[in-house]
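Working through the structure, step by step
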Amino acid sequence: MTGALDPASTQALAISILWWVFFWTGLFVFAAVLVALVVACVRGRRRARREGSAAEAVPERSLEQRRERAVLAATVLSVVILIGLLVASIVGGRYIYGNPSPPLPVKVIAHQWWWEIQYPGPRSSDLVVTANELHLPAGRTAELELQAADVIHSLWIPNLQGKRDLIPGHTTRLSILPERVGRYDGHCAEFCGLEHARMELPVFVESPERFSAWLTAQRRPAPAPSTPEAERGARIFTKGPCAMCHTVTGTDAAASVGPDLTHVASRAWLAAGALPNSPRNLRAWLSDPQRLKPGSQMPPTGLSESELDDVVHYLGSLR
Amino acid sequence: MSERRRVTVRELPSYAFGPRDPMWWGVALLMCIEGTTIALLLLMYFYTRQRVDVWPTTAPARDSLYAGAATTAVLLASIVPTHLMNGAAYRGDLARIRRFMVLMTALSLAALGTRIWEFRALPFRWDTDAYGSVVWGLLTLQTTHLGLGVIENLMFVVLLYRGPVEKKHLVDVEVNGMYWYFVVGGWLPIAATIYGEALFR
Amino acid sequence: MTSTVATESTPDSRSEDARLERELTDTWRLCRGFAGWFCETNHTVIARRMLVTAFVFFALGGVEALLMRLELARPDNHFIGPDRYDQLFTVHGSTMMFLFAVPVMQAMGIYLVPLMVGARTVAFPRLNAYAYYTYLIGGVFLYVSLFTDTGPDTGWFSYVPLSGPQFSPGKRVDVWSQVVTFTELSALSTAANLIVTTLKLRAPGMALNRMPLFVWAELVTSFMVIFAMPAVMLATMCLALDRLVGTHFFNSAVGGDPLLWQHLFWFFGHPEVYIIFLPALGMVSSIVVTFSRRPVVGYLPMVLSLVATAFLGFGLWVHHMFATGLAELGQGFFTAASIMIAIPSGVQIFCWIATLWSGRLVLATPLWFVFGFVAIFVVGGLSGVMVASVPIDLQVHDTFFVVAHLHYVLIGGAVFPLLGGIHYWFPKLTGRMLDERLGKAGFVLTFTGFNLTFFPMHLLGLHGMPRRIYTYRAATGFGPLNLLATVGAFVLLAGLLVVLTNVVRALLSGRDAGPDPWQSDTLEWSVASPPAPYVYEHLPCVAGRYPLWEGIRDCVVEGMDPRQRQVLVTAALDAAPDHVYVLPGPSIWPLLSAVATGVTFITMIFTPWAVPLGLALGTVCLVGWFWPRPPHEPLLAEQP
């Protein structure tokens, strides 16, 4: 299992260190309270056996003062510990925002139930629009600009950073400085309706070279279909129902209701982590999306068997 | 047998005014609840305000200001008979209680009338935008308080004239007066917020 | 007016007592027959109904939890599916918070507070009945909607815009918002009742600084209810208006803001936790004192801690919203407040330990539950300090870590003391003793089951499992810990069934308890178990904090007229006798008014005509409720 305690970024590291500080302090406090409780219990029992269990309405004043002083001492100690934790928390908090320049700007727009990802480039034509996969270069701060298209979502990549909500009518931000190359799980963390469970975001932290290669590839328009099946598939896609929701750059399909599919074959997962991307899964998804992800906004396509084959071919060619 | 200390309560009265009376506390707590609601709704007003560029999005028209001023005037005027009525209740003067209760009820009905005027004069609806919603919300909340007060006042008028009037009803009259102060007091910040903003823009 | 007279108990005074008892029984007689069931306003009867109802809802909420645990027991499970799962966790949360935790704590208060302060009943018996019926109607309404598969499905917090008109068409969220309104109305009425009962009906001599800690806890809680619940009532009203008549309170397209909902909800929602938890602390204090056989160490710090918790409780709602990205400075303030609220809880735990430390312990079942409470609650408190820290919270917020945390706080902090309290006061409520062996077995099972269920959730959250997901992929590796949690849930169920068995057995054939089986300190143990409808034959007067250990029976109030439902009103601070107040008897109007409220609120979902309808019904009810009783009082001299 991966997670918050296996940090792969500066921010997650800071949080995990802070967490361990809280954990060990907490463990100490818990042990102390439990020991005190057990000792109290043993002493109280022994006293009851010795003196019987008649109620003592007025305890001796001097003894009582000693007990009150003990309570006071324990309270003072807790206040000191808590202030220490407060300071630790504030100091640790500094590290989760900090961002050495120049950051890589990324825009994340959450939809019910998928992620739209945009990488703006120097020119407006350099804009890369993709979906359900976040690629980040190691060693460079990514500045994520977060928006929601419908309801409130929350972006959480435990290995990289604490979560941040995406709220309609607001723009929120999240900085990540990834340090370790690898693949990490991201997930929507705010309940956002039926398929909240299947709103995942795989995150790939890559070396700067691989990342820029990926980005360059994504900037290119979709390759033209090269086989007859793919050609038929492209026609069905652009003339049929698919193009009412999806975009494939370089073709007539330019709608933005659903995920951009320009390079869909290069992605590891389909439907925001619902199933691994393979021709078989893609075909199953296209033939009955509601079975695989009940409630998804993707309607049944109503394509015939042979049409399905062609579209799967075409989409499979969009590398 | 042992000695028993006895606390004799035979001579105690059967009613008391002010915080000595349980019902007074009950109504005081109701005022806390409703006062909190008013405060929160006003906070909602100011919260929404700082998120919007142009505020008020549709300024209340001149008519609205007249209507609001009329309600405020009537409500403020109603404090006088309420105060006098409470004084009469302390003295147990039924004739004066009746007179001032009728006067106060008349004024509360008048306030309900000017309130209808206020609603009609607003140049926007509750579903126009968030501003419309929160203004209508404030007015509706206060109208609920007002309406409850009117119903209570009417019930008291019937009771006072139909009888039999018990001594403990004097306390109820006083408590009703206290609630009425709250109705008036709760209106003032609402009026200041809704109309004041348009007035001094 | 107050006199100290030495009297001898003579045959005369004994026959006097018999006459008094006869007259009191006659005056305070419970209603009989089928119709009487609906007219009853006796506080012990209403509180008992409220307790039973709350535990029925607890059981329903528990079944929902078990179904969710079954769904999550293994990856890619399709036992329930997303739609039903969403309904289940929404109704589970709403049930446990609105239909179980708050009402059950208030029911204990309604039952015990009058007894503990030496009063015959609550200040407003009819309002009490009304509060019960509104609560019942609200709860039944929620379950009708769940059982017809149209239960609310946007979470117990129902964040907009998901719960708004655009993304939740249909009536599901409307049901939720009206149910919340019902329960809050009930909670507010009960809170007002408890406050006035506590402040005005205490036995002569029970100054504020002599009140039992449980009464303090209920008093402070009730004040929190008064100031916290309006926020959620307002929020749900605005949500209902957004959904039903097209207002835009939360619509970001025209100036509204979804975050406003969160502010309102958590301004109520965080105090809510303490509203549930403070009465439980009061129960712990009662149990610790009784079974340590000595006064609590640090009465004043205990009271101040309760009050401090209440104040601080209103200052930390934003820690539920750290992930929304509010300004950093504000976050620092709320972190500080959230961390500092651990101090008053800590003080109370230290005081209890000091009390046990210097007591003569009797290890009865209630005390076992207190030990379990301390162990679990400290863990929950410490994980609470973790979520108070912004950076840590950003990781664990909305994950299973928080699920673990909140159950450690609410089950550990409230349900364990409540179970302890049930074991402790059961003899008073029923006149029967629970079996100690079964009681302890029940404790061991619930304690084990609880920790098996919820401890693994801490780890799941840290590993990356978000809340409110109906399933997860096998590759996530969440499977084994989830399976463990599900097994634990069934152990917990077994423990609760043992407790239930114990209760049923005791009801059928339990040992007779007598008035004071534990040799306790507070006034409720000076009357019969279960108490007579008039509770006290002679109202007591007290001279200390632990009246039964100080010889309460040496002082009584005399001069009350047993032929009227009289209660003695005393001064709010020092409880000096002030005047004698006559309460109204049984009435059908509380029920009718609750039904009118129910009809109005439910109709509102379907048509705006509910407003005039409600106005008409409400007026009729007000008139009926306050219709003058036949006068028993001196009339004003000048009548027409």
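Residues numbered from 1 in each chain as written. Chains lettered and ligands numbered in written order. Predicted model: local features only at pLDDT ≥ 70, side-chain atom pairs only at ≥ 80, totals over all residues. Heavy atoms only, no water.

What chain B contains, in helices and strands, is five helices and one strand. What you see in chain B, going N to C, is helices and strands ordered as β-α-α-α-α-α. Its C-alpha atoms give chain B a radius of gyration of 21 Å, clearly above 17 Å, the size a compact globule of 201 residues would have. A separation threshold of at least 6 residues defines the contact pool for chain B, and within that pool the share at least 24 residues apart is 82%. With the model as given, the accessible surface of chain B reaches about 8,400 Å², and the carbon-plus-sulfur share is 65%. Of the side-chain charges in chain B, 19 are positive and 15 negative, and the distance between the mean point of each set is 6 Å. (Helix = DSSP H or I, 4+ residues; strand = E, 2+ residues; numbered from the N terminus. Rg over C-alpha atoms; globule rule 2.2 N^0.38 Å. Contact = heavy atoms within 4.5 Å. Areas by Shrake-Rupley, 256 points an atom, 1.4 Å probe, with all protein chains shown as cover. Lys, Arg positive; Asp, Glu negative; His and termini not counted. Charge placed at Lys NZ, Arg CZ, Asp CG, Glu CD.)

Attention shifts here to helix α8 (residues 258-292) of chain C. Owing to its 3.6 residues per turn, the α-helix brings residues three or four apart onto one side. Residue and element names in this part refer to chain C. Spanning 35 residues, α8 covers 51 Å between terminal C-alpha atoms, matching the ideal 51 Å at 1.5 Å per step. For α8, the buried fraction is high: 34 of the 35 residues fall into the buried class. Put simply, Asp 257 is the residue that caps the front of α8, since its side-chain oxygen is 3.1 Å from the backbone nitrogen of Leu 259. Count one or two residues on from α8 and you reach Arg 293, which has phi positive near 60 degrees. (Expected span 1.5 Å × (residues − 1). Buried < 20%, exposed > 50% of the residue type's maximum accessible area, 1.4 Å probe, protein only. Polar contact = N/O pair within 3.5 Å; in protein donor to acceptor, adjacent residues only side chain to side chain.)

Our next topic: the interface of chain A and chain C. Contacts between the two partners involve 84 residues from chain A, matched on the other side by 90 residues from chain C. A combined buried area of about 7,200 Å² lies between chain A and chain C, and 69% of that area is made up of carbon and sulfur atoms. Inspection of the chain A/chain C interface yields three salt bridges. Across the contact surface, chain A and chain C share 22 residue pairs in polar contact (both at pLDDT 80 or more). Of all the elements in the fold, those that place two or more residues in the side of chain A that touches chain C are α1 (10-51), α2 (61-97), β7 (161-166) and β9 (182-188) of chain A. Ranked by residues supplied to the side of chain A that touches chain C, first place goes to α1(A) with 22 residues. In terms of residue class, the side of chain A that touches chain C is built from 46 nonpolar, 21 polar and 17 charged. (Buried area = accessible area lost by both parts, 1.4 Å probe. Salt bridge = Lys/Arg side-chain N within 4 Å of Asp/Glu carboxyl O. Nonpolar A, V, L, I, M, F, W, Y, C, P; charged D, E, K, R; others polar.)

Further remarks concern a positive patch on the surface. Residues and elements named next belong to chain A. On the surface, Arg 43, Arg 46, Arg 49, Arg 66 and Arg 69 cluster together to form a positively charged patch. Secondary structure elements with two or more residues in the positive patch: α1 and α2. A per-element tally of the positive patch places α1 first, with three residues. Here Arg 69 lies in helix α2. Exposure remark for Arg 69: the relative accessible area of 52% places this residue in the exposed category. (Patch = residues over 30% accessible without salt bridge, like charges linked within 9 Å, V, L, I, M, F, W, Y side chains within 5 Å.)

This part covers the sheet that holds strand β1 (residues 104-111) of chain A. Residues and elements named next belong to chain A. Within the open sheet, the five strands sit side by side as β3-β2-β1-β5-β8. Their pairing is mixed. Single-partner strands in this sheet number two, and they are β3 (128-131) and β8 (172-176). Across the sheet, the axes of successive neighbouring strands diverge by a mean angle of 25 degrees, strand direction being ignored. Relative to the sheet, helix α3 (residues 208-219) contacts β1, β2 (114-119) and β3, its axis offset from that of β3 by approximately 100 degrees. (Pairing = 2+ DSSP bridges. Axes fitted to C-alpha atoms, helices over the stretch in contact; angles between N-to-C directions.)

A disulfide bridge is the covalent bond that connects two cysteines by way of their sulfur atoms. Residue and element names in this part refer to chain C. Counted by the stated rule, this structure contains one disulfide over all chains. Each sulfur in the disulfide pair Cys 541 and Cys 555 lies 1.7 Å from the other. The chirality of the disulfide connecting Cys 541 with Cys 555 is left-handed, given an S-S dihedral of about -95 degrees. Of the two residues, Cys 541 sits in the loop between α16 (479-509) and β1 (555-558) while Cys 555 sits in strand β1, which places them 14 residues apart along the sequence. (Disulfide = S-S within 2.5 Å.)

Moving on, we come to the sheet that holds strand β6 (residues 153-157) of chain A. Residues and elements named next belong to chain A. The five strands are arranged β4-β10-β9-β6-β7 in an open sheet whose pairing can be described as mixed. Where the open sheet ends on each side, the last strands, each with one partner, are β4 (134-137) and β7. Averaged over all pairs of adjacent strands, the angle between strand axes in this sheet comes to 20 degrees, irrespective of strand direction. With two bridges connecting them, β6 and β9 associate as antiparallel partners. Of the residues in β9, the one forming a bridge with Leu 155 is Cys 188. This element, α3, spans β4 and β10 (200-206) of the sheet and lies at about 135 degrees to β4.

Now for the side chain of C:Thr181. The residue C:Thr181 is located in helix α6 (residues 172-200) in this model. Owing to a relative accessible area of 0%, C:Thr181 belongs among the buried residues under this scheme.

With that out of the way, let us pick up the pairing of β7(A). The side chains of a regular strand alternate, first on one face of the sheet and then on the other. All names here are of chain A. Extensive coverage of β7 is indicated by the burial of six of its six residues. The pairing of β6 with β7 spans four bridges and is antiparallel. Counterpart to Leu 155 in the pairing with β7 is Arg 164.

Moving on: the packing of α8(C) against helix α11 (residues 342-357) of chain C. All names here are of chain C. α11 packs onto α8 with a crossing angle of 15 degrees between their chain directions and a minimal axis gap of 9 Å. In this view, α8 runs roughly parallel relative to α11, as classed from their interaxial angle. Where α8 crosses over α11, the handedness of that crossing is left-handed. Residues Phe 277, Leu 281, Val 284, Ser 285, Val 288 and Ser 292 of α8 form the contact with α11, whose participating residues are Ser 345, Gln 348, Trp 352, Thr 355 and Leu 356. (Parallel < 35°, antiparallel > 145°, perpendicular 65-115°, else oblique. Left-handed = near helix turned anticlockwise from the far one by under 90°.)

Residues and elements named next belong to chain C. Running from amino to carboxyl end, helix α3 (residues 43-72) crosses helix α4 (residues 82-117) at an angle of 155 degrees, the nearest separation of the two axes being 8 Å. The orientation of α3 relative to α4 falls into the category roughly antiparallel. For the pair α3 and α4, the crossing hand works out as left-handed.

By size, the foremost hydrophobic cluster in this structure holds 316 residues, and its most contacted members are A:Trp115, A:Tyr119, A:Leu134, A:Leu144 and C:Trp425. Considering every element that reaches this core, the biggest residue donor is α4(C), with 22 residues. Shared between two domains, this core takes at least three residues from each, and those domains are domain 1 (10-96) and domain 2 (104-219) of chain A. Not counting chain neighbours up to four residues away, the residues in contact with A:Leu144 comprise A:Val106, A:Val108, A:Leu134, A:Leu155, A:Thr172, A:Arg173, A:Leu174 and A:Ile176. A:Ala222, A:Ala271, A:Leu303 and A:Tyr314 belong to the second largest nonpolar core, which has 25 residues in total. (Core = buried A, V, L, I, M, F, W, Y, C linked by side-chain atoms within 4.5 Å. Domains from an automatic or database assignment.)

Our next topic: the pattern of salt bridges. Per the counting criterion, the structure on display carries 32 salt bridges over all chains. Across the salt bridge formed by A:Asp310 and A:Arg232, the nearest N and O atoms sit 3.0 Å from each other. On the criterion of sequence distance, the pair formed by A:Asp310 in helix α7 (residues 305-316) and A:Arg232 in helix α4 (residues 228-239) is long-range, its members being 78 residues apart. Residue C:Asp578 is joined to B:Arg20 by a salt bridge in which the shortest nitrogen-to-oxygen separation is 2.8 Å. Within this pair, whereas C:Asp578 is found in strand β3 (residues 577-582), its partner B:Arg20 is found in the loop between β1 (5-8) and α1 (22-49), the two belonging to separate chains. The network of salt bridges with common partners includes A:Arg47, A:Arg50, A:Glu51, A:Glu56 and C:Arg360.

Another aspect to go through is a nonpolar patch on the surface. All names here are of chain C. On the surface, Leu 70, Phe 79, Phe 490, Leu 493, Leu 497, Leu 500, Val 504 and Leu 508 cluster together into a nonpolar patch covering about 720 Å² of accessible area. The biggest single contributor to the nonpolar patch is α16, with six residues. Among the secondary structure elements, Leu 500 is positioned in helix α16. With relative accessibility at 48%, the residue Leu 500 sits in the partly exposed group.

All names here are of chain C. Among the structural elements, Leu 24 can be located in helix α1 (residues 11-27). A sequence separation of 511 residues divides Leu 24 from Val 535, and the C-alpha atoms of the two residues are 9.5 Å apart. Residue contacts for Leu 24: discarding those within four places in its chain leaves Arg 120, Tyr 534, Tyr 536, Glu 537 and Pro 562.

With that settled, the discussion passes to the confidence of the model for chain B. When pLDDT is averaged across chain B, the result is 92; 98% of the residues are at 70 or more. Within chain B, the element-level pLDDT minimum falls on β1(B), averaging 84, and the maximum on α1(B), averaging 96. (pLDDT = per-residue confidence, 0-100.)

All names here are of chain C. Here the structure, examined in full by the defined rule, presents 70 aromatic pairs over all chains. Arranged with centres 5.6 Å apart and planes meeting at 50 degrees, the rings of Phe 267 and Phe 314 form a pair that is tilted. Residue Phe 267 is found in helix α8, and its partner Phe 314 is found in the loop between α9 (299-313) and α10 (328-340); the two are separated by 47 residues along the sequence. Put simply, the rings of Phe 98, Trp 156, Trp 176, Phe 249, Phe 250, Trp 261, Phe 265, Trp 266 and Phe 268 pair up and form one aromatic cluster. Sitting above the plane of the Trp 37 ring, Arg 49 keeps its charged end 4.2 Å from the centroid. When the ring centre of Tyr 299 is taken as reference, the NZ or CZ atom of Arg 545 above it lies at 3.7 Å. (Phe/Tyr/Trp six-rings, centres within 6.5 Å; stacked < 30°, edge-to-face > 60°. Lys NZ or Arg CZ within 6 Å of the ring centre and 35° of its normal.)

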